[in-house]
Amino acid sequence: MQHLTGTDALRLEAVALEAIAAQFGTPTYVYSRAALTDAYHAYEHALAGRRATLCYAVKANSNLGILDAFARLGAGFDIVSGGELQRVIAAGGDPRKVVFSGVGKTRAEMRLALASNIRCFNIESAEELDRLAETAQQGGTAARVAFRVNPDVDPKTHPYISTGLKSNKFGVAFEAARGLYRRAATLPGIEVVGIASHIGSQLLDPAPAGEAAERVLALVEQLAGDGIALQHIDIGGGMGIRYDDETPPSADDYLAPVLSVLAGREEEILLEPGRSLIGNAGLLLTRIEYLKPGEEKHFAIVDAAMNDLARPALYDAFHAVVPVTPRDLPAHTYDVVGPICESGDFLARERRLAVRSGDLLAILSAGAYGMTMASNYNTRPRAAEVMVDGARCHLIRSRERVEELYAAEHRLP
Ligand code: LLP
């Protein structure tokens, strides 16, 4: 992780993680504003000279402070629910730079998005198109749309996060797209403006994105032949990051094949990156409650758990674990686990750590799909979130209180 340094004790930018734990407690998600800004600028650099809009995928991390930081950098947003749209607006984001993805948009979500005048709906089925046309007409307006097409390209990533294969629920089949575009072009309440595709997440090889762009471009050319001119091509998100020993491409390298396919095109390029903008800008700070030696394994039982960071339990994902304060102690191999009553409640397995109980651990690369996937399982209040900015730190989400967890519940009459 960039901006994480320290030989005697870990700092994020200029702030000691020990100081953050002392002030805000643990578990706490901690983000570096410089790291997310650098990641954003890397994309801008790769896109220099092109007409392009970066639509940050809100699902990766939807905290208002994070959205605010991206909005100030000029970002647009990729949303998948009305709730995410409300967050973008509450954070000062521009709804006219919002694209709305997702297979299950409700009428209420469509109405909210139309009233907010979002830039584009990424349509994923024929029925959704009809519903949107009707909803827009009822509201006396027109919806700008793109179809999310499924280019049937294998992104070579984890099966739960590949989305561009025929067997996935996402997008409209490539073969059906042309017919849908022609129909959409005739529908009142619909204005056809673009095309979208997203093939998966945590992609380490730039080639599949280039292949997808090629297939999409072939369709764009067919459509032009049908008299349907598009204003933008949305190539989705998906660029991978380093969790362990991966060597992800830079934004320049990742986008090179796509940009060469789209060289000389008039259409604006849209991107929907999430993980690659925020994943390596955040860590989960947790304290060891107990060390528990076992016959077969040693456990470090920490105060964060699978409800705070679900990725290890859900995808067997790897997150590096680093002690915040180095100790002159013998190292042992530990499973780092939480207090939840499930064997799947682990954050890391078989890590060599020189630690004692009471020590702080940093679980790295947890900025994306960490807090947004957190739950209250075992009636655990969700973690606090802090944004470091140089030598300052800002509380961007207060730790939940237990009473808040059941405030909406009712006893029987
Ligand atoms: N656009 C669309 C339509 C998407 O479905 C996604 C992610 C993105 C953009 C952003 O992709 P990114 O740049 O972040 O790879 N929870 C999983 C990841 C699920 C990704 C879902 N879609 C994880 O923790 O790895």
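First things first, this report covers the structure right here in the doc. (Residues numbered from 1 in each chain as written. Predicted model: local features only at pLDDT ≥ 70, side-chain atom pairs only at ≥ 80, totals over all residues. Heavy atoms only, no water.)

### What about the pattern of salt bridges?
Here comes step 1: The full count for this structure, using the stated rule, is 22 salt bridges.
Here comes step 2: One salt bridge connects arginine 51 with glutamate 268, and the closest N-O pair in it is separated by 3.6 Å. Here glutamate 268 lies in strand E13 (residues 268-271) and arginine 51 lies in the loop between helix H2 (33-46) and strand E5 (52-57), a separation of 217 residues in the sequence.
Here comes step 3: Exposure remark for arginine 51: the relative accessible area of 51% places this residue in the exposed category.
Here comes step 4: Residue glutamate 268 is classed as buried on the basis of its relative accessible area, which comes to 9%.
Here comes step 5: Across the pair arginine 349 and aspartate 316 runs a salt bridge, and its minimum N-O distance is 3.3 Å. Here arginine 349 is found in strand E18 (residues 346-353), whereas its partner aspartate 316 is found in the loop between helix H11 (311-315) and strand E16 (321-323), with 33 residues between them in sequence.
Here comes step 6: For aspartate 316, a relative accessible area of 53% gives the class exposed.
Here comes step 7: Each member of the salt-bridge network shares a partner with another, and the members are Arg33, Asp389 and Arg392. (Salt bridge = Lys/Arg side-chain N within 4 Å of Asp/Glu carboxyl O. Helix = DSSP H or I, 4+ residues; strand = E, 2+ residues; numbered from the N terminus. Buried < 20%, exposed > 50% of the residue type's maximum accessible area, 1.4 Å probe, protein only.)

### A closer look at helix H5 (residues 107-115)
Here comes step 1: Looking only at H5, the buried set comprises Glu109, Met110, Ala113 and Leu114. The buried residues of H5 occupy an angular sector of 130 degrees when the element is viewed end-on, so they sit on one face.
Here comes step 2: As for H5, its buried residues are in contact with helix H4 (82-90), strand E7 (98-100), strand E8 (120-123), helix H6 (126-138) and strand E9 (143-150).
Here comes step 3: A positive backbone phi angle near 60 degrees is found at asparagine 117, which sits one or two residues after H5. (Arc of directions from axis to C-beta. Contact = heavy atoms within 4.5 Å.)

### Let's talk about the packing of H2 against helix H9 (residues 251-261)
Here comes step 1: Direction vectors running N to C along H2 and H9 enclose 35 degrees, while the axes themselves pass 9 Å from each other. Read as a crossing pair, H2 and H9 show a hand that is right-handed. From H2, Ala42, Tyr43, His45 and Ala46 reach across to H9, where they touch Ala251, Asp252, Leu255 and Leu259.
Here comes step 2: Looking at the contact of H2 with H9 residue by residue, the class counts come to six nonpolar, one polar and one charged. (Axes fitted to C-alpha atoms, helices over the stretch in contact; angles between N-to-C directions. Left-handed = near helix turned anticlockwise from the far one by under 90°. Nonpolar A, V, L, I, M, F, W, Y, C, P; charged D, E, K, R; others polar.)

### Points about the pairing of strand E6 (residues 76-79)
Here comes step 1: Side chains of E6 alternate between two faces, with Gly76 and Asp78 and Phe77 and Ile79 buried alike.
Here comes step 2: Bridging between E5 and E6 involves three bridges; their strand directions are parallel. When the bridges of E6 are listed, cysteine 55 appears paired with glycine 76.
Here comes step 3: Crossover connection from E5 via helix H3 (residues 64-72) to parallel E6: handedness right-handed.
Here comes step 4: Relative to E7, E6 is paired through three bridges, and the arrangement is parallel. Paired with isoleucine 79 across the strands is phenylalanine 100, a residue of E7.
Here comes step 5: A crossover links E6 with its parallel partner E7, the connecting element being H4, and its sense is right-handed. (Pairing = 2+ DSSP bridges. Right-handed = clockwise from strand over helix to strand, strands pointing away.)

### Quick notes on H3
Here comes step 1: All of the buried residues in H3 are Gly65, Ile66, Leu67, Ala69, Phe70 and Ala71.
Here comes step 2: Of the residues one or two after H3, glycine 74 is the one with positive phi, at around 100 degrees.

### Quick word on the side chain of glutamate 267
Here comes step 1: Tracing the chain through its elements places glutamate 267 in the loop between H9 and E13.
Here comes step 2: Looking at glutamate 267, the relative accessible area reads 11%, which means it is buried.
Here comes step 3: Engagement of the side chain of glutamate 267 in a polar contact is seen with the side chain of arginine 265, the distance being 2.8 Å. (Polar contact = N/O pair within 3.5 Å; in protein donor to acceptor, adjacent residues only side chain to side chain.)

### What about the site of the ligand?
Here comes step 1: The environment of the ligand is made up of 18 residues, and the closest members are Ser201, Glu272, Arg311, Tyr315 and Tyr369.
Here comes step 2: Within the side chain of glutamate 272, one N or O atom sits 2.6 Å away from a nitrogen atom of the ligand.
Here comes step 3: Between a nitrogen atom of the ligand and a side-chain N or O atom of tyrosine 315, the distance comes to 2.8 Å.
Here comes step 4: Burial of the ligand by the protein chains amounts to 92% of its free accessible area of 590 Å². (Near = heavy atom within 4 Å. Areas by Shrake-Rupley, 256 points an atom, 1.4 Å probe, with all protein chains shown as cover.)

### As for unusual backbone geometry
Here comes step 1: Cis geometry marks the peptide bond from threonine 26 to proline 27; its omega dihedral reads -5 degrees.
Here comes step 2: Its place among the elements puts proline 27 in the loop between helix H1 (17-24) and strand E4 (28-32).
Here comes step 3: In this structure, glutamate 350 takes a positive phi of about 55 degrees despite not being glycine.
Here comes step 4: Among the secondary structure elements, glutamate 350 is positioned in strand E18.
Here comes step 5: For serine 365, which is not glycine, the phi dihedral falls at a positive 55 degrees.
Here comes step 6: Checked against the element boundaries, serine 365 lands in the loop between strand E19 (360-363) and strand E20 (384-389).

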